[in-house]
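# A look at the structure
These are the residues of each chain, in order.
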Amino acid sequence: MSQQGERPADGDWWNRLYDASAPDTGPAPAAGDTLDDRFDSAADALSDPDPGAAPDAVADRVSDAAGTRQEDVTPERSGAQRPAAGAPWEPAAPYAPSDARPLPGATAGSPPPTSPHPTPPAPSPRPPDLARPPDPPRPPDPRRSTPVPPAPREPAAPATPPASAARPAHTAPYAPPVPPVPPAPVTHVGDGLPTYDPEPTALPAAHADRLDEIVADTVLDGARYGAYTLRAMSVRGDSARYRGDPRRDALLTARFGEGADALVLVAVASGARATEGAHRAAADVARWIGGAVGHSHGSLSADIRAGRRGDLKSGLHRLTDRGFGKLRARAAEQGLSPGQYTADLRCLLLSADPGCRTRVFFGVGDGGLFRLRDGAWQDLEPPLADPAASTGAPVVGFGSPPPETPEGDRLTLDLAITKPPSPYTSSPYPPSPYPSPPQAASPHASPHAASPYGEAAQPPPPPEPFRFRASVARPGDTLLLCSAGLAEPLRGEPALARELAGRWGPGGPPDMADFLADTRLRVKGYADDRTAVGVWEA
């Protein structure tokens, strides 16, 4: 059909319009200006240049980019067969370049794949006078890469429905298990809350010229020798923390000697309550007993390893009396009575020999010595003899009648017999540099005898009885030496004893921080300083 709508006389207009040899539409078609030529020109312009290409090939590429070729007229390639013309509404056949390579696995001579759409019959050829001469075959361009067909896609796996879709609608969503919350640590035991705050409130007052007397709020120490592990602590009481008083307890841990002959001393001293300078008295007696043990550590260590209990008791008794004698002398220097400058003392001697399990305790005054064995506490405090419990007739030298009557009459004759020297007057220890303390008047002396303290002075209080105990430890035992600040609640509050027995069970010794937390368990009504020494047997 023409532009005016006229139909040609012949009925071959369809073949002339869609014939394979018909030229492309457009104004003034030039030679080589076909769709194939434009595709080749665009592919040549986008491909990487070949540095080894000949000059003619470069010129050919430049002319292709410009849309013209060197020859005025380029015949159509004879090797390229155009697709058969079909109906306008049918898709065009895919373009197959002349230099395409066969796919891997394809065999020679295999028929081409058939199209799913029916192919119309081939149109009759055009008259020879209107057909263009075919183009000569074009050699393959080495610069163009052979198109590689895409790999076939694997079939997608069927989508798995989510787990929530498989569950019934009434089922609650899954929630991970919540770990159990550990219980809050126990900080106090007993019926009620303690009166004071557990943390320090006020610092003790200090003197500018006596800064060396400042006592720390808390002291912590520990060691491991032989078959035992040692833990030691001393902390200011809640009441002293609130009022700003210094810690009255003193703690001394020392090792004398080397190797298996070494001797470990732990001394716990507590100053008297409601007295000024009580912390200084406790520090003095602990330091003096430590010096005395250090000077005699060789013989003491040998006696402990040999099990000479009698020698240990008598020797340690003399050392303790000497230390308290110095303490009374220091009180006289300060113008104080002996009761105002005194302290309770409790000591523990431990051998560093792994084969020696003898533990020696000695001291004077209040405190506690306990042993945890098989989950139960045992009180090892040595019992004291009650003087009122002794009965019987007087014996010579002890409880005998006085040598004089109140009127001054002597009951015996003085035969002027010289007494032999006592074998116990000499002492292996050097004399004390301090003056000897005044001796108390004998209870059997005459009341008319002159008193060294004057008529108005009161005699010093009787000395505290000496305490001594030597025991052999068993594997798994726990020995606890403590001041009165911990011994009193341990005896008076069963909940505290049960809590410490549970914490110090067969699991082994606690570390130093845990030991401090354990011994600081507070009990209502007990707010004094606490000092404790624990020995865990392997």
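So, a few notes on the structure that sits alongside this text. (Residues numbered from 1 in each chain as written. Predicted model: local features only at pLDDT ≥ 70, side-chain atom pairs only at ≥ 80, totals over all residues. Heavy atoms only, no water.)

This part takes up the packing of aromatic side chains. Under the counting rule described, the total for this entry stands at 6 aromatic pairs. With 5.6 Å between their ring centres and 45 degrees between their planes, tyrosine 196 and tyrosine 242 make a pair best called tilted. Of this pair, tyrosine 196 sits in the loop between strand E1 (188-189) and strand E2 (218-225) while tyrosine 242 sits in helix H5 (residues 238-243), placing them 46 residues apart in sequence. Overall, tyrosine 242 belongs to the exposed group, its relative accessible area being 53%. For the pair tryptophan 377 and tryptophan 504, a centre-to-centre distance of 6.2 Å together with 70 degrees between the ring planes defines the contact as edge-to-face. Here tryptophan 377, found in strand E9 (residues 376-379), pairs with tryptophan 504, found in the loop between helix H10 (494-503) and helix H11 (512-519); they are 127 residues apart in sequence, far enough to count as distant. (Phe/Tyr/Trp six-rings, centres within 6.5 Å; stacked < 30°, edge-to-face > 60°. Helix = DSSP H or I, 4+ residues; strand = E, 2+ residues; numbered from the N terminus. Buried < 20%, exposed > 50% of the residue type's maximum accessible area, 1.4 Å probe, protein only.)

The N-to-C vectors of helix H9 (residues 484-492) and H10 enclose an angle of 100 degrees; their axes lie 5 Å apart at closest approach. Regarding the angle of H9 to H10, the classification is roughly perpendicular. Note on element contacts: H10 touches H9 through Pro494, Leu496, Ala497 and Leu500, opposite Leu486, Pro489, Leu490 and Gly492. Of the residues in the contact of H9 with H10, the class split is 7 nonpolar, 1 polar and no charged. (Axes fitted to C-alpha atoms, helices over the stretch in contact; angles between N-to-C directions. Parallel < 35°, antiparallel > 145°, perpendicular 65-115°, else oblique. Contact = heavy atoms within 4.5 Å. Nonpolar A, V, L, I, M, F, W, Y, C, P; charged D, E, K, R; others polar.)

To continue, consider the pattern of salt bridges. Inspection of every chain in the model, using the stated rule, returns 22 salt bridges. With its nearest N and O atoms 3.5 Å apart, the salt bridge here joins glutamate 258 to arginine 255. In this structure glutamate 258 comes out as exposed when scored by relative accessible area, which is 61%. Put simply, arginine 273 and glutamate 488 hold a salt bridge, and the shortest N to O gap is 3.7 Å. (Salt bridge = Lys/Arg side-chain N within 4 Å of Asp/Glu carboxyl O.)

Take the pairing of strand E7 (residues 358-364) next. With 7 of its 7 residues buried, E7 lies for the most part within the structure. Residue alternation in E7 divides its side chains into two sets, Thr358, Val360, Phe362 and Val364 and Arg359, Phe361 and Gly363, and both sets are buried. Where strand E6 (residues 343-351) meets E7, 6 bridges bridge the pair, whose relative direction is antiparallel. Bridge pairing in E7 links arginine 346 to glycine 363. Connecting E6 to the antiparallel partner E7 that follows it, the hairpin turn spans 6 residues. Across 7 bridges, E7 lies against strand E10 (residues 466-472) in antiparallel orientation. Residue pairing across strands places valine 360 opposite alanine 470, the latter belonging to E10. (Pairing = 2+ DSSP bridges.)

The next subject is the sheet that holds strand E5 (residues 263-271). Pairing in this open sheet of 5 strands is antiparallel, and the strands run E4-E5-E6-E7-E10 from one edge to the other. Two strands in the sheet have a free side with no partner beyond their single neighbour: strand E4 (249-256) and E10. With strand direction ignored, the average angle separating the axes of adjacent strands in the sheet is 10 degrees. Bridge analysis of E5 against E6 gives 9 bridges, and the strand direction is antiparallel. Within the sheet, the bridge partner assigned to valine 264 lies in E6 and is leucine 350. Sitting on the sheet, helix H6 (residues 278-295) touches E4, E5, E6 and E7, and the angle it makes with E5 is about 160 degrees. Where helix H8 (residues 309-333) meets the sheet, it contacts E6, E7 and E10, and its direction lies at approximately 145 degrees from that of E10.

The next subject is the pairing of strand E8 (residues 368-373). Among the 6 residues that make up E8, 6 are buried, leaving the element largely enclosed by the rest of the structure. Covered by surrounding structure in E8 are Gly368, Phe370 and Leu372 together with Leu369, Arg371 and Arg373, the residues of both alternating faces. As judged from the 5 bridges shared by E8 and strand E11 (residues 478-482), these two strands associate in the antiparallel manner. Considered in E11, the bridge of leucine 372 is made with threonine 478. Taken together, the 4 bridges between E8 and E9 define a ladder with antiparallel strand orientation. From the neighbouring strand, phenylalanine 370 faces E9, where its bridge partner is aspartate 379. The loop that links E8 with its antiparallel partner E9 comprises 2 residues; one of these, aspartate 374, has a positive phi angle of about 55 degrees.

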